[in-house]
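# Per-entry structural report
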Amino acid sequence: MVTRMKILIVEDDLEAAAYLAKAFREAGIVSDHASDGESGLFMASENAYDVLVVDRMLPRRDGLSLISELRRRGVHTPALILSALGQVDDRVTGLRAGGDDYLPKPYAFSELLARVEVLGRRKGAPEQDMVYRVGDLELDRLSHSVRRQGKEIPLQPREFRLLEYLMKNAGQVVTRTMLLENVWDYHFDPQTNVIDVHVSRLRSKIEKDFDPPLLRTVRGAGYMIKDDRTPDT
Amino acid sequence: MSKVSVLFRTTAVRLSALYLILFSLCAAILVFYVTGMSERLLQQQTREAIATEALQIEGVYDRAGISGLLRSLERRARQPGASLYVIAGPSGEILAGNVASLEPGLLDSGGWTTEPFHYRRFTDESRTDSHVALAQILVLDNGLRVLVGRDLQEPEKLRGLVRQALVVALGTMVLGALVIWFGIGRNALKRIDRMSEASTKIMAGDLSQRLPMSGSGDEFDRLSESLNAMLGRIEKLNEGLKQVSDNIAHDLKTPLTRLRNKAEAALAGSGKQNAALEEIIAESDQLIRTFNALLMISRVEAGSAVAEMSDVDLSGIVADCVELYEPVAEENALRLKADIEPGVLISGNRELIGQALGNLIDNAVKYAEKADNPLIQVEMKKGDRNVVLTVADHGPGVPEGMRSEVVKRFVRLDESRSKPGTGLGLSLVEAVMEMHHGTLELAATEPDGQGLTVRMVFPTAATWRTE
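Because the structure is predicted, anything quoted here is derived from the model rather than measured. (Residues numbered from 1 in each chain as written. Chains lettered and ligands numbered in written order. Predicted model: local features only at pLDDT ≥ 70, side-chain atom pairs only at ≥ 80, totals over all residues.)

### Examining the overall build of chain A
- In terms of regular secondary structure, chain A is built from eight helices and 12 strands.
- In chain A, buried positions account for 40% of the 233 residues.
- Long-range contacts, defined here as pairs at least 24 residues apart, represent 59% of the contacts in chain A between residues at least 6 apart. (Helix = DSSP H or I, 4+ residues; strand = E, 2+ residues; numbered from the N terminus. Buried ≥ 20, exposed ≤ 12 C-beta atoms within 10 Å, placed from the backbone. Contact = placed C-beta atoms within 7 Å.)

### Some words on the overall build of chain B
- The secondary structure content of chain B amounts to nine helices and 14 strands.
- A burial count over chain B gives 24% of its 467 residues as buried.
- Taking contacts inside chain B between residues at least 6 apart in sequence as the whole, the part at least 24 apart equals 61%.

### Considerations on the pairing of strand β8 (residues 145-148) of chain A
All names here are of chain A.
- In the sheet, strand β7 (residues 137-140) pairs with β8 via four bridges, with the strands oriented antiparallel. By the bridge assignment, Glu-138 is partnered in β8 with Arg-147.
- The antiparallel hairpin formed by β7 and β8 contains four residues in its connecting segment, where His-144 sits at a positive phi of about 55°.
- Looking at chain direction, β8 and strand β9 (residues 151-152) are connected through two bridges and run antiparallel. Among the inter-strand pairings, Arg-148 is bridged to a residue of β9, identified as Lys-151. (Pairing = 2+ DSSP bridges.)

### Some thoughts on the environment of B:Gly149
Residues and elements named next belong to chain B.
- Relative to the assigned elements, Gly-149 resides in strand β7 (residues 145-151).
- Gly-149 sits 95 residues away from Ala-54 along the chain, and the two C-alpha atoms are 9.0 Å apart.
- Apart from residues lying up to four places away in sequence, Gly-149 is in contact with Ile-50, Ser-83, Leu-84, Ala-133, Leu-134 and Ala-135.

### Quick notes on the environment of B:Asn373
- Position of B:Asn373 relative to the elements: it lies in the loop between α7 (350-367) and β11 (375-382).
- For the pair formed by B:Asn373 and B:Leu334, sequence separation is 39 residues and the distance between their alpha carbons is 8.5 Å.

### Overview of the sheet that holds strand β12 (residues 222-225) of chain A
All names here are of chain A.
- Spatially, the three strands line up as an open sheet ordered β10-β12-β11, and their pairing is antiparallel. At either end of the open sheet lies a strand with only one pairing partner, and these are β10 (174-175) and β11 (215-218).
- Examined bridge by bridge, β11 and β12 share four bridges and lie antiparallel to one another. Along β12, the bridge assignment pairs Arg-216 with Met-224.

### What to know about the packing of helix α6 (residues 157-168) of chain A against helix α7 (residues 176-184) of chain A
Residue and element names in this part refer to chain A.
- The geometry of α6 relative to α7 is characterised by a closest axis approach of 10 Å and an angle of 125° between their N-to-C directions. The pairing of α6 with α7 is recorded here as oblique in orientation. The way α6 lies across α7 gives a crossing that is right-handed. The residues of α7 that touch α6, namely those facing Arg-158, Arg-161, Leu-162 and Tyr-165, are Leu-179, Asn-182 and Val-183. (Axes fitted to C-alpha atoms, helices over the stretch in contact; angles between N-to-C directions. Parallel < 35°, antiparallel > 145°, perpendicular 65-115°, else oblique. Left-handed = near helix turned anticlockwise from the far one by under 90°.)

### Observations concerning the nonpolar core
- Ranked by size, the top nonpolar core spans 112 residues in total, and within it A:Ile7, A:Leu52, A:Val53, B:Tyr325 and B:Val432 carry the most contacts.
- B:Val432 has contacts with B:Val300, B:Leu352, B:Ile353 and B:Ala356, leaving out every residue within four places of it along the chain.
- Counting 21 residues, the second largest nonpolar core, distinct from the first, contains B:Ile50, B:Tyr61, B:Val99 and B:Tyr119. (Core = buried A, V, L, I, M, F, W, Y, C linked by C-beta atoms within 7 Å.)

### Details of the sheet that holds strand β4 (residues 79-83) of chain A
Residue and element names in this part refer to chain A.
- Taken in spatial order, the five strands line up as β2-β1-β3-β4-β5 in an open sheet, and their pairing is parallel. The open sheet has two edge strands, β2 (29-34) and β5 (101-104), and neither has a second partner. Adjacent strand axes in the sheet meet at a mean angle of 20° when their direction is disregarded.
- Looking at chain direction, strand β1 (residues 5-10) and strand β3 (residues 51-55) are connected through four bridges and run parallel. Along β3, the bridge assignment pairs Val-10 with Val-54.
- In the packing of helix α1 (residues 14-26) onto the sheet, contacts are made with β1 and β2, and the angle to β2 comes to roughly 165°.

Here it is as structure tokens:
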């Protein structure tokens, strides 16, 4: 049985928190809610959560101080910071305080969900795996080679990194901004469909002569690599 | 009274008062010195005259005895401006002379009187009248005393005159100075009053007001001039700000209105609600995008991202960007060609430079879509003093008169309004260049004005540091 992910939402806007809780529940994620920094800190240290979703501006203790205090106490639950500020320098200070991801407000829920799921890491390949496998697709991180059905598929370095990130998070939705952040290390909004074109190029290479399709587009959210024949792990 | 105290608070009057006090002190010292000197000089002359006369009288006595002396003295006493002559007995009683009485005990010893003494004349009406004189007393061999003296009234009078003249002159000067200073101070006050009046109006919001100038080119005028220049700058900035906020209002209200209309339509209509909701989300995403771009620009302009500057590999950033956009260009039947000098480091912010260059390439892909020459050229060259990064396309370009305009926020060419975009892309590029102490230049790619070439000129790390 798949254990459900449990997260803590620390958000002082009750309406937003209620909306998030409902949306996460629909996505199969259980959530607790704390409405200020102090109670958030208390709950996060007392209970085991898979992911913390922390608003940056909170009463009684701000989000950054909450996270750095948690880290000081040795609690390493992955934390995602939500912020209305949300530009380059704020992201840097957020990550420096011990946050694992940063999402500027306003955001699409699909984006938040994808990031929380990746942070929770209930699916996909473990970090230490040297070979990622999805169906008959194989990616060797050491030799930088990709095979499908035993046949070598030549990829450009960037295409390799793109596929590596998708396969590392196999079975999970990754959004376009997540791809831009993790594959290109840029955090801006690329405006046009630059990422889509890269993905469709990669897709044509790994799917053109093979069956079944593995890399799918999740409408309104992003992409997911998954082999339909294997059940969710 | 209050006006006088205000007047006294002006610098001119304060300084004047200080100088006045110092000058008066000097003048007083001068008066005392001059009168003292002239008094001493006159006394000395008097003594010399007395000594000469005493010698003569002594000679007369030696030659002609007491009767000759008497005759001589009588004759001398009749002359105009005569000295004082007294012949007295050994005990001091006056036997003859032109003096009615003397201070008692004056004739006890011979020689010079140590100090000016008082005496009375025969012509004096009351007993209290007295005159001051200096004298030499001769003691004759028969015990008689002869006093030869001179009245000191004349030198005293002279001294008084000198003092009076000096006092009058000084008084006139002080009075004149006061009048002049009062005038100057009042004039200064008036002009300052006019200036503060004008600045009150300006503070009240009328930025078109200017401080008054007298045209004399003095310090007040120079002050007014530079303050007016400052006001001009503020007025211009203010206008720019107003224009931007008008633009913001327009460019944010328009999509908000569309959003609202769509929501209303979805609510009223039936069936296609999902599609309508999707459109609403797309519309709000565009709004968010505009907001983010605006915030980003103002943050970059405010310099808050400067803290995140470091030595970055510009060659790497450009190569990454080209690689990122290359498939999109290809998709649009364009060719993205890069000519990048390797290993160029500058002091900068990777994220912002990447986004700025991304905006430029994105623009080129958008606008050069149907160009005859499908080439988009990205070039980076390092010169002695700067690094030039160029993005050149062969699209329709930007007319020369509009080149400085399109950099402004929300300004878009009419022909490009149909294309997606916020009208903020170039504004961000410009802000990023400013933050890197560089410049942004727009030009035509081809001689006939076709195509747009955007040059980002970065100062090299060395020139940047020596600035």
